[in-house]
Amino acid sequence: MKVLNSAIIGGGAIHGCHVNALRHIPGVTLRALVDTDSVKGLKLAKDYQCRFYQDHREMLLDEHIDVVHICTPHFEHKEMILAALAAGKHVFCEKPVAMNGREIREITLAADHAPGLLGVCYQNRLNPTSQTIMETLAEGSLGRMLSIKAVLTWSRSGPYYTESPWRGRLATEGGSLLINQAIHTLDLMQWFGGGVTRLKGVVDRGELADVTEGEDSAMATLHFANGARGLFYASNCHTTDSPLLLEIHCEHGTLQLNDNTLWRLIQGERVALASDASPDGSSKSYWGVGHQQAISRFYHAIHHPEKADYTDIRTAGKSLNLVEAIYRSSQIRQWIEISN
């Protein structure tokens with residue numbers, strides 16, 4: 001099996017999850033780190049014993065680099081993806097893969113004609129609880145799904161935005177709460193429900209109105225392709241980062257994700273089915289523990305494209321379409337039809 005050389009663009013908070021994941025994948029070497037901040041980048045490259053580039057375009061000239069990880073602000077994703085694909089690299093990008101549907105379409109066209117694969121990091125799909133939910137629903141013992149309720153309440157204070165000025169600006173983040181924090185929850189909801197057919201939503205700014213141009217709270221009602229209804233609420237105005245609360249009500253019972261544990265409730269009997277708790281406490285409980293698996297699956301697909309099992313651009317585009325639809329619905333105060 002060929003040894004794969006990787007590069008990571010962006011030395012912000014999330015890049016460490018990628019570094020740790022690469023260390024656990026046999027036959028992978030971190031060859032380069034890219035960051036516009038030369039002081040920070042040089043230090044990280046020294047720690048990782050890899051090359052440093054201040055310009056990702058210079059890094060892409062390195063013919064020995066096979067895979068590029070993009071861990072940069074949202075507004076940079078499209079250009080970097082297109083450049084890396086054009087250079088013949090495989091690309092693994094943090095969410096959101098783009099800022100809007102127009103960019104999704106442009107990236108999809110490029111990915112369809114590129115020799116390399118393009119994967120997007122929707123790691124929460126690979127949490128043990130998420131996998132168990134899908135298995136339980138597919139098994140069918142709970143009967144028809146009736147509704148999905150999701151509540152996400154996190155804390156984002158002023159310094160979160162002022163220390164990284166691209167955050168909270170529509171031109172560089174593309175929104176705020178929905179496109180950054182809650183997009184994973186929307187992705188899980190549409191995945192569990194087999195896709196969304198229509199929705200009506202509202203976004204607003206409250207506690208964070210002085211520090212972000214985008215929304216800090218949102219809610220929506222969704223209709224799923226399987227006939228179920230969805231109730232969604234999210235906010236960055238809480239005083240702590242609470243784990244996702246998710247409840248799936250079916251004909252013969254309920255699945256409830258609470259405090260990182262998945263429970264099955266049938267006629268008063270409550271049984272724990274799975275847990276997302278990190279055994280060594282190495283990951284934030286509200287992030288989930290799926291980065292390692294998401295990245296491993298992408299590298300497995302590079303070696304075995306006939307067995308590919310990763311989130312591609314078309315799948316990633318579905319949750320971004322929901323984000324855009326909620327923004328649009330809030331503007332016009334009407335239901336939005338969703339095409340999948």
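Analysis parameters
Residues numbered from 1 in each chain as written. Predicted model: local features only at pLDDT ≥ 70, side-chain atom pairs only at ≥ 80, totals over all residues. Heavy atoms only, no water. Helix = DSSP H or I, 4+ residues; strand = E, 2+ residues; numbered from the N terminus. Rg over C-alpha atoms; globule rule 2.2 N^0.38 Å. Buried < 20%, exposed > 50% of the residue type's maximum accessible area, 1.4 Å probe, protein only. Contact = heavy atoms within 4.5 Å. Areas by Shrake-Rupley, 256 points an atom, 1.4 Å probe, with all protein chains shown as cover. Lys, Arg positive; Asp, Glu negative; His and termini not counted. Charge placed at Lys NZ, Arg CZ, Asp CG, Glu CD. Core = buried A, V, L, I, M, F, W, Y, C linked by side-chain atoms within 4.5 Å. Expected span 1.5 Å × (residues − 1). Axes fitted to C-alpha atoms, helices over the stretch in contact; angles between N-to-C directions. Parallel < 35°, antiparallel > 145°, perpendicular 65-115°, else oblique. Left-handed = near helix turned anticlockwise from the far one by under 90°. Nonpolar A, V, L, I, M, F, W, Y, C, P; charged D, E, K, R; others polar. Pairing = 2+ DSSP bridges. Salt bridge = Lys/Arg side-chain N within 4 Å of Asp/Glu carboxyl O.

> Explain the overall build of the protein chain here, please?
Each helix and strand in the protein chain was counted, giving 11 helices and 15 strands. Radius of gyration (C-alpha) of the protein chain: 20 Å, near the 20 Å computed for a compact globule of 340 residues. Overall, the C-alpha framework of the protein chain stretches about 60 × 45 × 40 Å when taken along its three principal axes. Looking at the protein chain as a whole, 53% of its 340 residues qualify as buried. Contacts in the protein chain between residues far apart in sequence, at least 24 positions, make up 68% of those at least 6 positions apart. As displayed, the protein chain offers around 15500 Å² of accessible surface, 50% of which is attributable to carbon and sulfur atoms. If you average the places of the 32 positive and of the 37 negative side-chain charges in the protein chain, the two averages end up 2 Å apart.

> Whenever I open this one, the nonpolar core confuses me. Can you help?
Side chains of a nonpolar character, in soluble globular proteins, are inclined to be buried together. Counting residues in each nonpolar core, the largest one holds 67 residues, and the members touching the most others are Met59, Ile81, Leu178, Phe232, Leu246 and Ile248. Per-element accounting of this core gives the leading share, 9 residues, to helix H9 (residues 177-192). Leaving out residues up to four positions away in the same chain, Leu178 has contacts with Ile183, Leu186, Val203, Glu215, Ala218, Phe232, Val323, Ile326 and Tyr327. Within the second largest apolar cluster, 26 residues are counted, among which are Ile14, Val19, Phe92 and Ala294.

> Would you explain helix H11 (residues 313-332) in this entry?
Three- or four-residue spacings in an α-helix give side chains the same orientation, since the helix completes a turn every 3.6 residues. When the terminal C-alpha atoms of H11 are compared, their 28 Å separation across 20 residues agrees well with the 28 Å that a helix rising 1.5 Å per residue should span. Here H11 has its buried residues at Ile313, Ala316, Gly317, Ser319, Leu320, Leu322, Val323, Ala325, Ile326, Tyr327, Ser329 and Ser330. Trailing H11 by a residue or two, Arg333 shows a phi angle of about 55°, which is positive.

> Explanation requested: the side chain of Asn180 in the structure shown.
Considering the arrangement of structural elements, one finds Asn180 in helix H9. With residues up to four places along the chain from it excluded, the contact list for Asn180 reads His74, Lys95, Tyr160, Trp166 and Glu173.

> Whenever I open this one, the packing of H9 against H11 confuses me. Can you help?
The angle between the axes and the distance between the axes are what describe a pair of packed helices. Where H9 contacts H11, the two axes come as close as 9 Å, and the packing angle between them is 115°. Relative to H11, the element H9 lies roughly perpendicular. Between H9 and H11 the crossing geometry is right-handed. Here Leu178, Ile179, Ile183, Leu186, Asp187 and Gln190 of H9 come into contact with H11, specifically with Lys318, Ser319, Leu320, Leu322, Val323, Ile326 and Tyr327. Taken together, the residues of the contact of H9 with H11 break down into 9 nonpolar, 2 polar and 2 charged.

> Looking at this model, I keep getting lost on the sheet that holds strand E9 (residues 217-224). Mind explaining?
Within a sheet, adjacent strands bond to each other through the backbone by hydrogen bonds, running parallel or antiparallel. Here we have 9 strands laid out as an open sheet, ordered E14-E13-E12-E11-E7-E10-E9-E8-E15, and mixed in their pairing. Bordering the open sheet on either side are strand E14 (269-275) and strand E15 (336-337), each of which pairs with just one other strand. Of the pairings in the sheet, the one linking strand E7 (residues 145-153) to strand E10 (residues 229-235) comprises 7 bridges and is parallel in character. When the bridges of E10 are listed, Leu152 appears paired with Ala234. The strands that helix H6 (residues 128-139) touches are E7, strand E11 (245-250), strand E12 (253-258), strand E13 (261-266) and E14; relative to E14, the one it contacts most, it runs at about 125°.

> Hey, could you run me through the sheet that holds strand E1 (residues 4-9) in this one?
Spatial strand order, E3-E2-E1-E4-E5-E6: 6 strands in an open sheet with parallel pairing. Whereas interior strands pair on both sides, the edge strands pair on one side only; in this sheet they are strand E3 (51-53) and strand E6 (118-121). Taking each pair of neighbouring strands and ignoring which way they run, the sheet shows an average axis angle of 25°. Sheet topology places E1 next to strand E2 (residues 28-34); 6 bridges connect them, and they run parallel. Bridge pairing links Ile9 to Val34 in E2. Packing of helix H10 (residues 291-303) onto the sheet brings it into contact with E1, E2, strand E4 (67-70), strand E5 (90-94) and E6, and relative to E5 it is tilted by some 160°.

> Help me understand the pattern of salt bridges in this model?
Opposite charge on two side chains lets them pair, provided their charged atoms get close. The tally for this structure, following the rule as stated, stands at 13 salt bridges. A salt bridge links Asp62 to Arg31; the shortest N-O distance between them is 2.6 Å. With Asp62 in the loop between helix H3 (56-59) and E4 and Arg31 in strand E2, the pair connects residues that are 31 residues apart, well separated along the chain. Per residue, the accessibility class of Asp62 equals that of Arg31, and both read buried. Taking the shortest distance from any N to any O, the salt bridge between Asp35 and Lys40 comes out at 3.6 Å. Of the residues examined, Asp35 reaches a relative accessible area of 8% and is grouped as buried. Accessibility expressed as a relative area gives 34% for Lys40, which makes it partly exposed. Beyond isolated ion pairs, a larger network of salt bridges with shared partners links Arg31, Arg51 and Asp62.

> What is the right way to read the packing of helix H1 (residues 15-23) against H10 from this model?
The geometry of H1 relative to H10 is characterised by a closest axis approach of 9 Å and an angle of 60° between their N-to-C directions. With respect to H10, the axis of H1 lies oblique. Seen from above, H1 lies across H10 with right-handed handedness. Residue-level contacts link Cys17, His18, Asn20, Ala21 and Leu22 of H1 to His291, Gln292, Ile295 and Tyr299 of H10. The residue makeup of the contact of H1 with H10, split by class, is 5 nonpolar, 4 polar and no charged.

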